[in-house]
Amino acid sequence: MEIGQGVGEKAVSVKIKVVRGHNLKGSRTESFLSFVRVEFNGVVLGDSPKLDAIVDSAVDYSFTCSFECSDAAHNLDDLAHKPVILTVTEILPKEKKQKEEKTIVLGQAVVDLLPLLYGQCSFTCSTFLNPAPGSPGETAALDGSCKPMLDVSIVVPEPLLSDSQLSESKLLKVTVETAYSVPEVWSPATGPASGYVAALQMPLTAEKEQILMFSNGMLKMGGEREPVPRPKKWPQSGTLALGSQNIPGSSIEEESVSMEDGDLTSVEDKQFCVEAETNRKRVSWDTERRCFLDAGGAAWLTRRIIESRLWPIEIMRVAQMGAAKGAKAGKEKVEDETQISFHGVAYMDLAPLMYPGATCVRGAYKIYPFYESELMLKTKRNQSVLRESMRLPVTGGKGRVSSVNSCKAAPSKIFEKGGKDTKETPKKVGPPGKVAPEENFVEVEPQINTEGQMYADSKSYIVIEIELDRPLVPKRPKEELTKRVMQLIPPRPPLLHRPTGAERAVQEFQGQVANVAAQVMDQYQQLFGAAFEPGASSLDPNTQEQRKRQLLGELNYSGKYFAFKEQLKYSVVRIVREKMLRTEAFADEDQLQAFLSQLYVFLVDEMHMALNKTLSVDNLENQPQPQLECSQLRHFAREAELNQDYQLATQYYQERLARDRNDPSHWFDYGCFYMLRGDYQKAEECFHQAVSINQAHLSSLLMCGILAEMDGRYEDAETFFEGATCVNPRSVVAWTLFGLFYQAQDNSIQTEMAFLEASKQQRAGLAPGPVGDGDTQTEKFDTQAENIVQEEGVGGDSADKSMEGENAESDVKGCSVAVEPKPTSTTALASPSRASSIYMKTVEFLLQNNALQMAQRALAQELLCPEGGLSSCYHLALAQLHTLRGEYCSAETSLSAALSDSYEKPDVWALWGHLHYLRDECRDARKCYERTLDFVTDASDTHPIYLRLGSIYLREGQFEKAKATYLRACKSSPSCLTWLGVGIACYRLGEMTEAEDALTEANTLSSANAEVWGYLALVCLQMGRKLEAEQSYKYTLKLGLQNEPLLQEINEMQRHVGFGNPGF
């Protein structure tokens, strides 16, 4: 055979049994004589006995034949791409003076032997008998009657492949579909008969490559699109029935545009493809060639793709001319002289087959004129496949493999394992003196391929698909990644809520009361339990008091009463210390009696609650809800970050964790806070805690991967990133970060795979779909952070600047404390209209979570991205990055570039205002903030704008503007600082009632703000309320007011009114 790729030295017999035929139709209406011929690989295996068959009845052929599958003949690759052909022939009755029998072919059926390559030892199938042209079955098929069929069974005594060979081998399918927009000079009506050939090389073993020839191309005129689905054809010709050319169960389906690779993927290219596939000429092959690759062949294919990702597919048109040579008829030999014309080549990028888990690459590839120099440059191959196939010697009487009437695969050059190749010198065939076959090859490559240039002028392209049954690079399954993440970060069970302090003391007392009550009931059961037995007389209600005295007497006599008191004493002491906060002795008897009365009332109430819990069937408690929700605490923490009060921000984050330590978003936000502080070790601990609580927390997995890469733990980083893509395969950010990681590792193929997948998911997310579609929710992260220079987010309702008087007062009293701040996002880059590339979407995520190093790498990729470049979004993100790093000069340069691109973006002016504010340039900051608020479109995050603009107004003494600005902030996202600003402005304007209302709201949201207590003290002093003024002043000192001018103003007011300071 041509390729030594069989089942080893031992030959395996493949038995083919034709069991019976159904619905067979002959030329006669009653019965006919028929037999079945079995062929494989061009060899007739045998003919069945001739049997009489009744029309439309079953015929039991029970004919068995076989062939040997070995390295010498009929190897595994033959089984992969060649079917068993079954031909049913009718024997016509002899006429008078007729010496030989006449026959007519009724039809042909094909049997695919592919199941044998998947380890099966036997299978049966019923295959359709495709009618031959002019046969009686062709007419019956048009009538719609039952189709004729053959029952066939295939048996091998043992599997053709061992388990190890089956796991290491690959089945590769190459489908050449159609070449569109071919040169206009091609016409079936003019010139000699032409054939259209496509060819490529494919390694099947570690030693040899195989030339795959597709030479059954058919030229078609334009006017309509190719039908979809349409069947794929066998790579060999010679079947009589047209339907036998089709591979059973294999067809060309219409692929989604987003799933295609190739050279024509842009919108303009797709529009051209629609026009070309409808109106222009095309050459159709629709042929699938299967190749069996053993372990060495698969490894060689992988190595070749790594060395050169472009794979050449050559196309040509050939014309055949017969010429008689020789003088004598007995020695005359006719040889085909084939000349290559319209020599073109398409370069197919096979790098996608190196993606983990990838099994298919399909697309439309441009056809270029063939030049050996360009072939060498792009593919590192120095010889044409077509020319190589033309030079092959004729062996075994099989004829030239490059004949346009055959699609038989031709063996190529033999490559050694070291990569070197030795070309086998063709030997002369025939009598001495005859010219060797290679000398009959006439083809001289011109310096300029004029005919090939027509492909480029016509914008010709060819659609090809290469598919593997198993990937070259296996992808780690999700279960393995989950297990790996669990090994790195073991999940922990949720923590049970355990009461502490006063709550624990009260619960312990209630538990002791319930225990004592249970013992008292047991004692009562011992004394009077007989009355409760069935049939006993009931207790007399008039003797209840007597039974009570008897029970108490028994408890005193047995000593249980004293034991009960000792049992309750410890829990009562804890209540006194933990709940009543009394740890010292009383000096005054009256205070002692008052305290004992208070304690007695409390203990009796708690005892009743405990007894109700013990004796009540329906035990439902209404636990008081905390006044502030976790989302508000998060908002207050972001606000503290904005003011660089990191100690206060830490308190808010820790309070969220104290509320619920089992919420991964609480740990994630705390980790992002540490990222802002630059404490990456603590940040990683927080992200690990989030993942341990929820192994599928996407944002935490990504941040764990980023920090692992920063720490040099690349294997762990890869696990986290790959795990994130498995948790949410539609996440653009996860795939983009995965690509950035591989890019840092110089893994170009994996980088390309990740970026392409991110782009595909982004296009899928932006595609129009029904409301609530899952694709539109892909990139909603578990958390949305605000940065200290946040210039974007969700702005609140815009209030009119001219709010004064009664309107302002009603706003102060009308705002509810329970209003939850609206969620904010970090940057305006999240908007679909602005996020023009996957990198800007990733930059948004990285900046909001303070991963600045990775954000800088993503911005660098944005510059190289065709959809990106030096846009206003890029300059805005770069300015934010510089601002977070404290590089204010660089940030100003980037903002200037952003304004030159778009002068009316409120987010740019907002960030410029923040930049001036951080530089303490209040006048310039005020102008930028005012300009931002004057735009028709609000900035993405107006909260920091309102806070900082309001503080500037207070500094400059513009209290009316400060009041209006702070009220707008209270409407959108109220906080302690926004209400404090309203209170200060109202106090400076002399509106004491409104100031007290605003400061009370601020105190409700945060009772630990010393400045709020200080202004409350001033208001109380102004309104003559001595007790409230003193209490407010005490809390001001207790909380440690750092505002010296305010403290001095309070002291002066106290001296002026003569009260307010207990120290006087």
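This structure is a prediction, so every number in the text was calculated from the model and none was measured.

The rules behind each value
- Residues numbered from 1 in each chain as written.
- Predicted model: local features only at pLDDT ≥ 70, side-chain atom pairs only at ≥ 80, totals over all residues.
- Heavy atoms only, no water.
- Helix = DSSP H or I, 4+ residues; strand = E, 2+ residues; numbered from the N terminus.
- Contact = heavy atoms within 4.5 Å.
- Buried < 20%, exposed > 50% of the residue type's maximum accessible area, 1.4 Å probe, protein only.
- Axes fitted to C-alpha atoms, helices over the stretch in contact; angles between N-to-C directions.
- Parallel < 35°, antiparallel > 145°, perpendicular 65-115°, else oblique.
- Left-handed = near helix turned anticlockwise from the far one by under 90°.
- Nonpolar A, V, L, I, M, F, W, Y, C, P; charged D, E, K, R; others polar.
- UniProt positions renumbered as here; feature names shortened; annotations may be inferred.
- Pairing = 2+ DSSP bridges.
- Phe/Tyr/Trp six-rings, centres within 6.5 Å; stacked < 30°, edge-to-face > 60°.
- Expected span 1.5 Å × (residues − 1).
- Arc of directions from axis to C-beta.
- Core = buried A, V, L, I, M, F, W, Y, C linked by side-chain atoms within 4.5 Å.
- Polar contact = N/O pair within 3.5 Å; in protein donor to acceptor, adjacent residues only side chain to side chain.
- pLDDT = per-residue confidence, 0-100.

J.: Could you give an account of the environment of threonine 379, naming the residues involved and the relevant values?
T.: With respect to the helices and strands, the residue threonine 379 is situated in helix H6 (residues 372-379). Ignoring anything within four residues of it in the chain, the contact list for threonine 379 reads Ser308, Leu310, Pro312 and Tyr347.

J.: Can you lay out unusual backbone geometry for me, pointing to particular residues and giving the numbers?
T.: Each neighbour pair has its own omega, and for valine 228 with proline 229 the value is -5°, a cis peptide bond. Looking at the element boundaries, proline 229 is found in the loop between strand S14 (218-220) and strand S15 (230-233). Residues other than glycine seldom take positive phi values, yet leucine 581 does so here, at roughly 60°. What makes leucine 581 exposed here is its relative accessible area of 66%. Its identity is not glycine, yet asparagine 850 carries a phi of approximately 65°, on the positive side. The topology assignment puts asparagine 850 in the loop between helix H23 (838-848) and helix H24 (852-864).

J.: Residue-level account of the packing of helix H29 (residues 943-956) against helix H30 (residues 959-972), with values.
T.: A pair of packed helices is characterised by two quantities: the angle between their axes and the separation of those axes. Relative orientation of the contacting elements H29 and H30 amounts to 160°, with a least axis distance of 8 Å. Judged by the inter-axis angle, H29 sits roughly antiparallel to H30. Where H29 crosses over H30, the handedness of that crossing is left-handed. Residues Tyr946, Leu947, Leu949, Gly950, Ser951, Tyr953 and Leu954 of H29 form the contact with H30, whose participating residues are Phe959, Lys961, Ala962, Thr965, Tyr966, Arg968, Ala969 and Ser972. Per-class residue counts for the contact of H29 with H30 are 9 nonpolar, 4 polar and 2 charged.

J.: Break down the UniProt feature "repeat: TPR" (unreviewed entry) in the chain for me, citing the residues and quoting the values.
T.: Within the UniProt annotation, "repeat: TPR" (unreviewed entry) is assigned to residues 664-697 and 943-976. Helix and strand shares over residues 664-697 are 82% and 0% respectively, and the end C-alpha atoms of the span are 7 Å apart. The span residues 943-976 is 85% helix and 0% strand, and its two end C-alpha atoms sit 13 Å from each other.

J.: Can you break down the pairing of strand S6 (residues 84-92) residue by residue, with the values?
T.: Note on strand geometry: in a regular strand, side chains alternate between the two faces of the sheet. Burial within S6 is extensive, with 8 of its 9 residues counted as buried. Summarising the sheet, strand S2 (residues 31-40) and S6 pair through 8 bridges and their orientation is antiparallel. Residue glutamate 39 lies in a different strand from S6, and its bridge partner there is isoleucine 85. Direction of pairing for S6 relative to strand S7 (residues 102-111): antiparallel, over a ladder of 9 bridges. Among the inter-strand pairings, threonine 89 is bridged to a residue of S7, identified as valine 105.

J.: Mind laying out the packing of aromatic side chains, listing which residues take part and the relevant values?
T.: Enumeration over the complete set of coordinates arrives at 24 aromatic pairs. With a centroid separation of 5.5 Å and an interplanar angle of 35°, the aromatic rings of tyrosine 180 and tyrosine 461 are classed as tilted. Taken as a pair, tyrosine 180 in strand S11 (residues 170-180) and tyrosine 461 in strand S26 (residues 461-468) lie far apart in primary sequence, 281 residues in all. Like tyrosine 180, the residue tyrosine 461 is buried in the burial classification. For the pair tryptophan 909 and tryptophan 912, a centre-to-centre distance of 6.2 Å together with 20° between the ring planes defines the contact as stacked.

J.: Could you give me a rundown of helix H15 (residues 646-659), with the residues and numbers involved?
T.: Taking 1.5 Å of rise per residue, the 14 residues of H15 would be expected to cover 20 Å, and the 20 Å separating its terminal C-alpha atoms lies within 8% of that figure. Residues Ala649, Thr650, Tyr652, Tyr653, Arg656 and Leu657 constitute the buried set of H15. In a view along the axis of H15, the buried residues occupy a sector of 165°, so they form one face of it. What points out from H15, more than 90 degrees from its buried face, is the exposed set Gln647 and Ala658. The elements touched by buried residues of H15 are helix H14 (630-642) and helix H16 (664-677).

J.: Go over the sheet that holds strand S10 (residues 149-155) with me, naming the residues and quoting the values.
T.: A sheet is described by the order of its strands in space; here 4 strands give the open sequence S5-S1-S10-S8, paired in antiparallel fashion. Of all the strands in the sheet, the pair left with one neighbour each is strand S5 (59-69) and strand S8 (122-128). For this sheet, the mean angle separating the axes of adjacent strands, direction not counted, is 20°. Sheet analysis places strand S1 (residues 12-22) next to S5, joined by 9 bridges and oriented antiparallel. Looking across to S5, one finds that valine 12 is bridged to cysteine 69.

J.: Which residues make up the nonpolar core, and what are the values?
T.: Trp285 and Leu737 are the most contacted members of the largest nonpolar core, which totals 161 residues. Grouped together as the second largest cluster of nonpolar side chains are 41 residues, Val12, Phe40, Phe67 and Leu161 included.

J.: How would you explain the environment of alanine 696 if you had to name every residue and give the values?
T.: Take alanine 696: it is sitting in the loop between helix H17 (680-693) and helix H18 (698-710). Put simply, alanine 696 and valine 485 are 211 residues apart on the chain and 9.9 Å apart in space, counted from C-alpha to C-alpha.

J.: Outline the side chain of serine 384, supporting the account with residue identities and numerical values.
T.: Mapping serine 384 onto the fold places it in the loop between H6 and helix H7 (385-390). Polar side-chain contacts of serine 384 include one of 2.5 Å to the side chain of glutamate 314. A distance of 3.2 Å separates a polar side-chain atom of serine 384 from the backbone nitrogen of leucine 386. If sequence neighbours within four positions are ignored, serine 384 has contacts with Glu314, His343, Phe370 and Leu375.

J.: How would you summarise the pairing of strand S13 (residues 208-214) if you had to cite specific residues and measurements?
T.: Most of S13 is tucked away, with 6 of its 7 residues classed as buried. As paired strands, strand S12 (residues 194-203) and S13 are joined by 6 bridges and run antiparallel to one another. Bridge pairing links leucine 200 to leucine 212 in S13. Joining the antiparallel neighbours S12 and S13 is a turn of 4 residues.

J.: Explain the environment of glutamine 1031 to me, using residue names and the numbers behind them.
T.: You can see glutamine 1031 is positioned in helix H34 (residues 1026-1038). Each C-alpha atom, one on glutamine 1031 and one on glycine 1060, is 8.3 Å from the other, the two residues being 29 residues apart in sequence.

J.: If you had to explain the confidence of the model for the chain to someone new, which residues and values would you point to?
T.: Of all residues in the chain, 81% have pLDDT values of 70 or greater, and the mean over the chain is 80. Scored below 50 in pLDDT, residues 322-336 makes 14 contacts in the model with residues more than four places away or belonging to other chains. For residues 769-835, every residue scores under 50 in pLDDT, and the model assigns this stretch 172 contacts once sequence neighbours within four places are set aside.

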